[in-house]
Amino acid sequence: MKITSVFIVIPVIVGLSLTISNGVVQSATGDSQKGKQVFQTFCQVCHGPQGKGDGPVGMSLKPPPANLSSDKVQNKKDDEMMNILIKGKTGTAMPAWEKDLSSQQMTDVIAFIRSLGK
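Within every chain, residues take consecutive numbers counted from 1 along the sequence as written. The predicted nature of this model means local features are confined to residues of pLDDT at least 70 and side-chain atom pairs, given and counted, to a pLDDT of 80 or more, with totals for whole chains, interfaces and linings taken over all residues. Note that water and hydrogens are dropped before the side-chain values are worked out from all heavy atoms of the structure.

**Q** Hey, could you run me through the packing of aromatic side chains in this one?
**A** Aromatic rings considered in pairs are described by the distance between their centres and by the relative angle of their planes. Stacked, tilted and edge-to-face pairs are distinguished by plane angle, under 30 degrees for stacked and over 60 for edge-to-face with tilted covering the rest, among Phe, Tyr and Trp rings (Trp via its six-membered ring) whose centres lie within 6.5 Å. Tallying each qualifying case throughout the model produces 2 aromatic pairs. Between Phe-39 and Phe-112 the ring centres are 5.0 Å apart and the planes differ by 50°, which places this aromatic pair in the tilted class. With Phe-39 in helix 2 (residues 32-42) and Phe-112 in helix 6 (residues 103-116), this residue pair connects regions lying 73 residues apart in the sequence. For the pair Phe-39 and Phe-112, a shared accessibility class is recorded, and that class is buried. Note on Phe-42 and Trp-97: the rings are 5.3 Å apart at their centroids and 70° apart in plane angle, and the pair reads as edge-to-face. Residue Phe-42 is located in helix 2, and its partner Trp-97 is located in the loop between helix 5 (78-87) and helix 6; the two are separated by 55 residues in the primary sequence. Numbering of helices and strands runs from the N terminus, with a helix taken as a DSSP run of H or I at least four residues long and a strand as a DSSP run of E at least two residues long. Burial classification: accessible surface area is computed with a 1.4 Å probe over protein chains only, and a residue below 20% of its type maximum counts as buried, one above 50% as exposed, and the rest as partly exposed.

Spelled out as structure tokens, the structure:
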């Protein structure tokens, strides 16, 4: 391989890897309306309709589910929220959703959670 080819190939590979890695965590902006539908199906039973942690199952959990409208949650970065959705949260009843929800669905749920803080 010529030296000039290396200077072209390396930036292309780096650019593609950054695009791919960013696409996993920070895909296109989520749709809060679609996220609300996913939330109502999968999350509301624990977190409650307004995300306050007061769902019918959530009220009996120890520790209780997070209040998603709180500053503590709203101050989390999107990638932190995505990681919790993907892997769950150790020491709580928060399950991993990586096998049940697509990346886009989780991005949409994050957009809905953001709307709870307004």
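**Q** Can you help me understand the side chain of Gln-74 in this one?
**A** Its location among the elements puts Gln-74 in helix 4 (residues 71-74). A 3.5 Å cut-off defines polar contacts: any pair of N or O atoms within that distance qualifies, except that in protein one atom must be a possible hydrogen donor and the other a possible acceptor, and neighbouring residues in sequence count only when both atoms are side-chain atoms. Within the structure, the side chain of Gln-74 is placed 2.7 Å from the backbone oxygen of Leu-68, a separation counted as a polar contact. Among all residues touching Gln-74, those that are not within four sequence positions of it are Leu-68, Ser-69, Ile-113, Arg-114, Leu-116 and Gly-117. Residues count as neighbours in contact if any of their non-hydrogen atoms are within 4.5 Å of one another.

**Q** Just to check I follow, could you spell out the packing of helix 2 against helix 6 for this structure?
**A** Only the stretch in contact is used when fitting a helix axis, every axis being a line fitted to C-alpha atoms; angles between N-to-C directions are given from 0 to 180 degrees. Look at helix 2 against helix 6: their axes get within 7 Å of each other, and the N-to-C directions meet at 100°. Regarding the angle of helix 2 to helix 6, the classification is roughly perpendicular. Contacts between helix 2 and helix 6 pair Ser-32, Lys-34, Gly-35, Lys-36, Val-38 and Phe-39 from the former with Gln-105, Asp-108, Val-109, Ala-111 and Phe-112 from the latter. Angles are sorted into four bins: roughly parallel if under 35 degrees, roughly antiparallel if over 145, roughly perpendicular if 65 to 115, and oblique for all others.

**Q** Is there a simple way to think about the environment of Cys-43 in this case?
**A** Within the secondary structure layout, Cys-43 lies in the loop between helix 2 and helix 3 (44-47). The class of Cys-43 is buried, set by a relative accessible area of 10%. Remark: the alpha-carbon pair of Cys-43 and Gly-53, spanning 10 residues in sequence, is separated by 9.8 Å. Among all residues touching Cys-43, those that are not within four sequence positions of it are Val-38 and Gly-48.

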